[in-house]
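Residues per chain are reported as follows:
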Amino acid sequence: MTRNMKRAGFALWGAVVVALGALVWLQLAGPDGSDPLNLTDTLGQGDYALTTTDGGAFTSDNLKGGATAVFFGFTHCPEVCPTTLGDVSMWQEALATDGQALNVYFVTVDPERDTVDTLRDYVSWVPGVTGVSGTPEQVKAAEAAFRIYARQVPLDGGGYTMDHSASVLLFDDQGRFYEPIGYQEGIDRALAKIRRMIAS
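A brief report on the enclosed structure follows. (Residues numbered from 1 in each chain as written. Predicted model: local features only at pLDDT ≥ 70, side-chain atom pairs only at ≥ 80, totals over all residues. Heavy atoms only, no water.)

### Points about the packing of aromatic side chains
- Counted according to the given criterion, the structure contains 9 aromatic pairs.
- Between the aromatic rings of Y48 and F146, the centroid separation amounts to 5.6 Å while the plane-to-plane angle is 55°, which identifies the pairing as tilted. Of this pair, Y48 sits in the loop between α2 (39-42) and β1 (50-52) while F146 sits in helix α5 (residues 136-146), placing them 98 residues apart in sequence. Residues Y48 and F146 agree in their burial class; the two are buried.
- Considering the side-chain rings of F58 and Y105, the 4.9 Å spacing of their centres and the 50° angle between planes classify their relative orientation as tilted. Remark: Y105 occurs in strand β4 (residues 103-108) and F58 occurs in strand β2 (residues 57-58); sequence separation between them is 47 residues. Side by side, F58 and Y105 carry an identical accessibility label, which is buried.
- One Lys or Arg, R113, reaches over the ring of Y160 and ends 3.9 Å from the middle of that ring. (Phe/Tyr/Trp six-rings, centres within 6.5 Å; stacked < 30°, edge-to-face > 60°. Helix = DSSP H or I, 4+ residues; strand = E, 2+ residues; numbered from the N terminus. Buried < 20%, exposed > 50% of the residue type's maximum accessible area, 1.4 Å probe, protein only. Lys NZ or Arg CZ within 6 Å of the ring centre and 35° of its normal.)

Laid out in structure tokens, this is it:
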């Protein structure tokens, strides 16, 4: 095969990939800008009931009544979780200057190690953060409701870590999903999203 034929082949495959991407986009994105996956009404909803570090229950009702954020992680997390909690601390400090606050729930993806007591110590230094744990079955139900990816990853020499979704999910005062904040998205962008949600 000549070099020109190879280039033509690559170009053809590139066009196919672009066309497939456009098809998927057209199927997922409604022409009126609607939410085709119905995330606004369904994310965070479902039949789950876990236990919070303040002794209450964590259900879909906890998403209502104020600006709320939900983050899934675990206490043995080497980087993503402590970094995100540090970001949350900065958000809360900035929001407090405006007389605002964010209800934050840190839901474990590692219920085998993260008891309620363990989580209470882990999140205690961040204002407005409540830890959430439960049985493995209860945690799986919550992961499904929030469409969270999480799995155990074995470590050399024994033990394990967890691979998991890293976004913070925002919910308005009606308990409806608003939008995510990506990992290390930046404090200005994150605060803009939170304040926009509170004002909506």
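### Side note on the pattern of salt bridges
- A full pass over the atoms with the stated rule returns 10 salt bridges.
- One salt bridge connects E185 with K193, and the closest N-O pair in it is separated by 2.8 Å.
- The exposure class of K193 is buried, given its relative accessible area of 11%.
- If you follow the salt bridges from partner to partner, you end up with E179, E185, R189, K193 and R196 in one network. (Salt bridge = Lys/Arg side-chain N within 4 Å of Asp/Glu carboxyl O.)

### Things to note about the sheet that holds strand β9 (residues 177-181)
- Pairing is mixed in the open sheet, where 7 strands are placed in the order β2-β1-β5-β4-β3-β8-β9. Looking at the sheet topology across the chains shown, the edges are occupied by β2 and β9.
- Pairing geometry for strand β3 (residues 68-73) and strand β8 (residues 168-171), over 3 bridges, is antiparallel. Considered in β8, the bridge of V70 is made with L169.
- Its contacts with the sheet place α5 against β1, β2, β3, β4 and β8, and it is angled at close to 125° to β3. (Pairing = 2+ DSSP bridges. Contact = heavy atoms within 4.5 Å. Axes fitted to C-alpha atoms, helices over the stretch in contact; angles between N-to-C directions.)

### Regarding the packing of helix α3 (residues 80-96) against helix α6 (residues 187-199)
- Two elements in contact, α3 and α6, have axes separated by 10 Å at closest approach and are oriented at 55°. Considering the angle they form, α3 stands oblique to α6. Considering how the two elements wind past one another, α3 and α6 form a crossing that is right-handed. Of the residues in α6, those in contact with M90, W91, A94 and L95 of α3 are I187, A190, L191, I194, R195 and I198.
- Looking at the contact of α3 with α6 residue by residue, the class counts come to 9 nonpolar, no polar and 1 charged. (Parallel < 35°, antiparallel > 145°, perpendicular 65-115°, else oblique. Left-handed = near helix turned anticlockwise from the far one by under 90°. Nonpolar A, V, L, I, M, F, W, Y, C, P; charged D, E, K, R; others polar.)

### Remarks on unusual backbone geometry
- Phi is positive for R147, which is not a glycine, with a value near 55°.
- The topology assignment puts R147 in the loop between α5 and β6 (150-154).
- According to the relative accessible area criterion, R147 is partly exposed, its value standing at 48%.
- In the Ramachandran plot, Q184 falls in the positive-phi region, its phi being about 55° despite a non-glycine side chain.
- You can call Q184 exposed: its relative accessible area is 51%.

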